[in-house]
Amino acid sequence: MRSNLSKPRVLVVSPIPLQPAIRGNRRRANQLAEAFRSAGWHVELAIARNDAKAAAKVGSWDRIHPLSSPLPWKPSARPAKFDSWYSKAAGEEVAKIAQAQDFHAVVLHYVFHSKLFEIIPPHIIKIIDTHDCFAERATLGASKSAFRSRGFFSCDKLDEKAYLDRADFAIAISEDDAKQFRKLGSSAEVRVVPMAFGDVDVGPSAREISSNPTFGVAMSGNDVNVTSLLDFVKQVDSVAGANPDFRVAVAGDIIKRLKPPLMRSHRLGSRPWLTFLGVVPDIADFYRSLDGIIVPLNEATGVSVKFVEAIQSGLPVLSTRSGSRGTGAREPLHTLPSNRELVLALGQWSSRTAAELSKQSVTLSVELQNASQEAFLALNRDLLNGAYGDD
């Protein structure tokens, strides 16, 4: 048993780049690392050598271990065979680090590489931050067509259970995901630590309500965002016509996925109300230029970082039900059934709507941050009991 005088030590294992933190999964990984640090843990990172330098610039880590054998990332439009993403060389390198440095816990992001837990010493607590549910993802609902175009990761239910069984704890990003994991009957203890941030507050808005307001959305370059944006544009055409009484600015690297043929076929570059800004240096500065924020997702899994960031900004936020999934949103303008209703709501914008919606957005953000902090503190107590015993 380790001495109670030492700081608890956790090794975070990431198959993804963590900087720049412009994607939801990167934001989530950094959020969890900061939670461990705030709770008094010594936090180290194992990450691909090519991504280690960028991660080191942020200064969130006590030490970084560049992996000479990176954890593979192999998106596919087909369901993945069990453990097909796993790299024996990478797993052995991580296990060697974990054992040599005498860690109390190892946190692995995503289930794909959980086979490495089989060679982690048994006294080390094993945790998976799941990010999402992947059982039968390639065959669910509207995501089928988007998944086929580029793919990501999908497995069957038995495989997802087996991935999770290798962990002592499986952290779900929402209660919706936790329910799915519990249905699988995994031996891992499922905990919910909601996604929440505390660094996007833009302060009170001094902007007057405009007769031609500008709304913004931050979107990374994935299939769901592309199909959702195209659906939103289609609904604007149908409901509001070629010259609606609002403007929309789209930030993020989604522009990289919108190749010239797609831009031309949907006339995305010739609509006076629609602007693409690319990746913005500071999301808070982007939000300060807006009258409000929209989250026009027509499908979603996990939790949308764009909604979580948006409600924390202090600005009014309008979202589809898919966009606010997993956050406990109750405000009708946070849970609109589809992009059609979202466009209709934009057409009815008023100063009264903006003021009330800002209030509701901030209230939900505070609830989410409190829930995330309380959930992590409860998890932390159990981890410390496991690391040090009950002495």
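It should be emphasised that the depicted structure is a prediction, and the values quoted were computed from it without experimental measurement.

Scoring rules and cut-offs
Residues numbered from 1 in each chain as written. Predicted model: local features only at pLDDT ≥ 70, side-chain atom pairs only at ≥ 80, totals over all residues. Heavy atoms only, no water. Buried < 20%, exposed > 50% of the residue type's maximum accessible area, 1.4 Å probe, protein only. Helix = DSSP H or I, 4+ residues; strand = E, 2+ residues; numbered from the N terminus. Pairing = 2+ DSSP bridges. Right-handed = clockwise from strand over helix to strand, strands pointing away. pLDDT = per-residue confidence, 0-100. Contact = heavy atoms within 4.5 Å. Axes fitted to C-alpha atoms, helices over the stretch in contact; angles between N-to-C directions. Parallel < 35°, antiparallel > 145°, perpendicular 65-115°, else oblique. Left-handed = near helix turned anticlockwise from the far one by under 90°. Nonpolar A, V, L, I, M, F, W, Y, C, P; charged D, E, K, R; others polar. Expected span 1.5 Å × (residues − 1). Salt bridge = Lys/Arg side-chain N within 4 Å of Asp/Glu carboxyl O. Arc of directions from axis to C-beta. Phe/Tyr/Trp six-rings, centres within 6.5 Å; stacked < 30°, edge-to-face > 60°.

1. Side note on the pairing of strand S10 (residues 274-278)
Reasoning step 1: Alternating residues of S10 divide into Leu274, Phe276 and Gly278, all buried, and Thr275 and Leu277, none buried.
Reasoning step 2: Bridge count between strand S9 (residues 247-251) and S10: 4 bridges; the pairing is parallel. Residue pairing in the sheet places Val248 in a bridge with Leu274 of S10.
Reasoning step 3: Note on the crossover from S9 through helix H8 (residues 260-265) to S10: the handedness is right-handed.

2. Description of the confidence of the model for the chain
Reasoning step 1: Looking at the chain as a whole, its pLDDT mean stands at 89, while 90% of the residues score no less than 70.
Reasoning step 2: Low pLDDT, under 50, characterises residues 1-5; the stretch is placed with 12 contacts to residues that sit more than four places away or in other chains.
Reasoning step 3: A low-confidence stretch, residues 142-149 stays under pLDDT 50, and its non-local contacts, those more than four residues away or across chains, total 19 contacts.

3. Considerations on the packing of helix H7 (residues 223-239) against helix H11 (residues 339-347)
Reasoning step 1: Here H7 crosses H11 at 55 degrees, and the two axes come no closer than 9 Å. The orientation of H7 relative to H11 falls into the category oblique. The crossing of H7 and H11 is right-handed. The segment H7 lies against H11, with Ser228, Asp231, Phe232, Gln235, Val236, Ser238 and Val239 engaging Asn339, Arg340, Leu342, Val343, Leu344 and Leu346.
Reasoning step 2: Each residue belonging to the contact of H7 with H11 can be placed in one class, and the counts come to 7 nonpolar, 4 polar and 2 charged.

4. Overview of helix H1 (residues 24-38)
Reasoning step 1: The end-to-end C-alpha distance of H1 is 21 Å, a good match for the 21 Å that 15 residues give at a rise of 1.5 Å each.
Reasoning step 2: Here H1 lies mainly inside the structure; 11 of its 15 residues are buried.
Reasoning step 3: Where H1 is concerned, the buried positions are Gly24, Asn25, Arg26, Arg27, Arg28, Ala29, Asn30, Gln31, Leu32, Ala33 and Phe36.
Reasoning step 4: Taken from the residues just after H1, Gly40 is the one with a positive phi, measuring 95 degrees.

5. Re the pattern of salt bridges
A side chain with one charge may pair with a side chain of the opposite charge, provided their charged atoms come close.
Reasoning step 1: Here the structure, examined in full by the defined rule, presents 17 salt bridges.
Reasoning step 2: Notably, a salt bridge pairs Glu118 with Arg166, separated by 3.1 Å at the nearest N-O pair. Residue Glu118 is located in the loop between strand S4 (105-109) and strand S5 (125-129), and its partner Arg166 is located in the loop between helix H5 (157-165) and strand S6 (169-172); the two are separated by 48 residues in the primary sequence.
Reasoning step 3: On the basis of relative accessible area, Arg166 is assigned to the buried category, the value being 14%.
Reasoning step 4: A cluster of three or more residues bridged by salt bridges with shared partners is formed by Asp83, Lys115, Glu118 and Arg166.

6. Description of the sheet that holds S5
Reasoning step 1: Taken together, the 7 strands give an open sheet; going across it, the order is S3-S2-S1-S4-S5-S6-S7, and neighbouring strands pair in parallel fashion. Two strands bound the open sheet, and with one partner strand each, they are strand S3 (63-67) and strand S7 (189-192). Within the sheet, the average angular offset between the axes of one strand and its neighbour, ignoring direction, is 20 degrees.
Reasoning step 2: Judged from the 3 bridges that link them, S5 and S6 form a sheet pairing that is parallel. Bridge pairing in S6 links Ile127 to Phe169.
Reasoning step 3: Strands in contact with helix H2 (residues 49-56) are strand S2 (42-48) and S3; relative to S2, the strand with the most contacts, it is inclined by about 140 degrees.

7. Focus on helix H6 (residues 175-184)
Reasoning step 1: Along H6, the residues that are buried comprise Asp177, Ala178, Phe181 and Leu184. What you see down the axis of H6 is that its buried residues fit within an arc of 110 degrees, all on one side.
Reasoning step 2: Taken together, the buried residues of H6 touch H5, S6 and S7.
Reasoning step 3: Directly beyond the C-terminal end of H6, a positive phi value near 80 degrees is found at Gly185.

8. With respect to the packing of aromatic side chains
Reasoning step 1: Under the definition given, this model contains 23 aromatic pairs.
Reasoning step 2: Each ring, one from Trp85 and one from Phe153, has its centre 5.0 Å from the other, and the planes form 80 degrees; the classification is edge-to-face. With Trp85 in the loop between S3 and helix H3 (88-100) and Phe153 in the loop between helix H4 (143-150) and H5, this pair connects stretches of sequence that are 68 residues apart. Here Trp85 matches Phe153 in class, with each residue buried.
Reasoning step 3: A connected cluster of aromatic rings, assembled from ring pairs, spans Trp73, Phe82, Trp85, Tyr110, Phe112, Phe134, Phe152, Phe153 and Tyr163.

9. A word on the side chain of Ser361
Reasoning step 1: Residue position: Ser361 is located in helix H12 (residues 351-388).
Reasoning step 2: According to the relative accessible area criterion, Ser361 is buried, its value standing at 0%.
Reasoning step 3: In this view, Ser361 contacts Ile311, Leu315, Pro316, Val317 and His334; residues no more than four positions away in its chain are not counted.

10. A few points about the pairing of strand S8 (residues 214-218)
For a regular strand, side chains alternate in direction, first toward one face of the sheet and then toward the other.
Reasoning step 1: Judged by how many residues are buried, S8 sits mostly within the fold: 4 of 5 residues are covered.
Reasoning step 2: Here S8 runs beside S9; their pairing, made up of 5 bridges, is parallel. Residue Gly216 lies in a different strand from S9, and its bridge partner there is Ala249.
Reasoning step 3: At this point the chain moves from S8, through H7, to the parallel S9, and the crossover so formed is right-handed.
Reasoning step 4: As defined by bridge partners, S8 adjoins strand S11 (residues 292-295) across 2 bridges and the pair is classed as parallel. Following the sheet pairing, Phe215 is matched in S11 by Gly292.

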